[in-house]
Amino acid sequence: MAEEKIAFDFGMRIRQLRKERGLSQAVFAKRLGVSKETVYRYENNLQDPSLERTKQIALILRTSLDYLTGLEDGYTVRLPQLSKEQRDVLNEFLRVFVKEDS
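Draft legend 1. Region of interest: the confidence of the model for the protein chain. The share of residues in the protein chain with pLDDT of 70 or more is 83%, and the mean pLDDT across the chain is 84. For residues 1–5, every residue scores under 50 in pLDDT, and the model assigns this stretch one contact once sequence neighbours within four places are set aside.

Here's what the structure looks like:
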């Protein structure tokens, strides 16, 4: 049986990432500069944020616009505070940990 692809859901991705980051709707709304009700509307696909607001969401949730908007299914985590040495160590770990099967 072929693997079924789950339909893209913008609001679900925001909600999932927000929860994974340990942010309540109220805290996320405050960081985003909107009301808690606006976050509720984004997460339930009742309102679409502007491009600028979507960029803010991606930065706050440390992910890519491509992931948020459904252009990419791969999960992305942004860690801008890492030094070059830390990034190198993390990349080496990931190369070892996530080997492609031959």
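Draft legend 2. Examining the side chain of R13 more closely. Tracing the backbone through its elements, the reader meets R13 in helix 1 (residues 10–20). Classification of R13 by relative accessible area gives buried; the value is 8%. There is a polar contact of 3.0 Å between the side chain of R13 and the backbone oxygen of E72. Non-local contacts of R13, meaning those with residues more than four positions away in its chain, are made with F8, Y67, L68, G70, E72 and D73.

Draft legend 3. A look at a nonpolar patch on the surface. Taken together, L79, L90, F93, L94 and F97 make up a surface patch of nonpolar side chains, about 470 Å² in accessible area. One can find F97 in helix 6 (residues 84–97). Judged by relative accessible area, F97 falls into the exposed class, the value being 62%.

Calculation criteria
- Residues numbered from 1 in each chain as written.
- Predicted model: local features only at pLDDT ≥ 70, side-chain atom pairs only at ≥ 80, totals over all residues.
- Heavy atoms only, no water.
- pLDDT = per-residue confidence, 0-100.
- Contact = heavy atoms within 4.5 Å.
- Helix = DSSP H or I, 4+ residues; strand = E, 2+ residues; numbered from the N terminus.
- Buried < 20%, exposed > 50% of the residue type's maximum accessible area, 1.4 Å probe, protein only.
- Polar contact = N/O pair within 3.5 Å; in protein donor to acceptor, adjacent residues only side chain to side chain.
- Patch = residues over 30% accessible without salt bridge, like charges linked within 9 Å, V, L, I, M, F, W, Y side chains within 5 Å.
- Areas by Shrake-Rupley, 256 points an atom, 1.4 Å probe, with all protein chains shown as cover.
- Salt bridge = Lys/Arg side-chain N within 4 Å of Asp/Glu carboxyl O.

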